[in-house]
Amino acid sequence: MLFRSLALAPHLPAGWPSFTAHDLRVGDTRLDVTVEGWAEGERVRVDGAGALAVTVTLHGARPFSEVWVDGERSDATGSLVTVSPRREVVGVYE
């Protein structure tokens with residue numbers, strides 16, 4: 001079976017500042033997913049995705065006023081869904 005895409009909608013449990021899931025398997029691809037939350041926003045990083053297209057949905061405690069994808073500001077706001085090959089999504093709260 002050939003996997004070409006993955007959808008992620010990670011959510012930090014209450015009171016957790018961050019978590020990382022290591023060595024997740026999607027077909028022949030292995031990846032790490034890190035989710036970090038802080039007072040100003042949230043960050044999701046996907047490492048090792050290779051040719052796999054990754055869709056990330058941010059679930060913040062509040063609406064987002066800014067969203068950054070791989071260090072570049074995105075036009076999208078709200079609970080953004082972004083499609084890779086990008087690897088890092090950061091949402092800044094209103």
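Our subject in this report is the structure included herewith. (Residues numbered from 1 in each chain as written. Predicted model: local features only at pLDDT ≥ 70, side-chain atom pairs only at ≥ 80, totals over all residues. Heavy atoms only, no water.)

1. Some remarks on the packing of aromatic side chains
Condition: Ring geometry is summarised as follows: Phe, Tyr and Trp rings, the Trp one being its six-membered ring, pair when their centres sit within 6.5 Å, and such pairs are stacked at plane angles under 30 degrees, edge-to-face over 60 and tilted between the two.
Tallied over the entire structure, the rule returns two aromatic pairs. Plain terms: the ring middles of Trp16 and Phe19 are 6.5 Å apart, the flat faces sit at 75° to each other, and that makes the pair edge-to-face.

2. Describing the pattern of salt bridges
The criterion, for reference: A carboxyl oxygen of Asp or Glu within 4 Å of a side-chain nitrogen of Lys or Arg is what we treat as a salt bridge. The helix count covers DSSP runs of H or I at least four residues long, the strand count covers runs of E at least two residues long, and both are numbered beginning at the N terminus. Exposed residues in this analysis have more than 50% of their type's maximum accessible area, buried residues have under 20%, and partly exposed residues fall in between, with area computed by a 1.4 Å probe over protein chains only.
For the coordinates displayed, the defined rule picks out five salt bridges. Its salt-bridge partner being Glu88, residue Arg43 comes within 2.6 Å of it at the nearest N-O pair. In this pair, Arg43 is assigned in strand β4 (residues 41–47) and Glu88 in strand β9 (residues 88–93), connecting sequence segments 45 residues apart. There is no split in this pair, since Arg43 and Glu88 are both buried.

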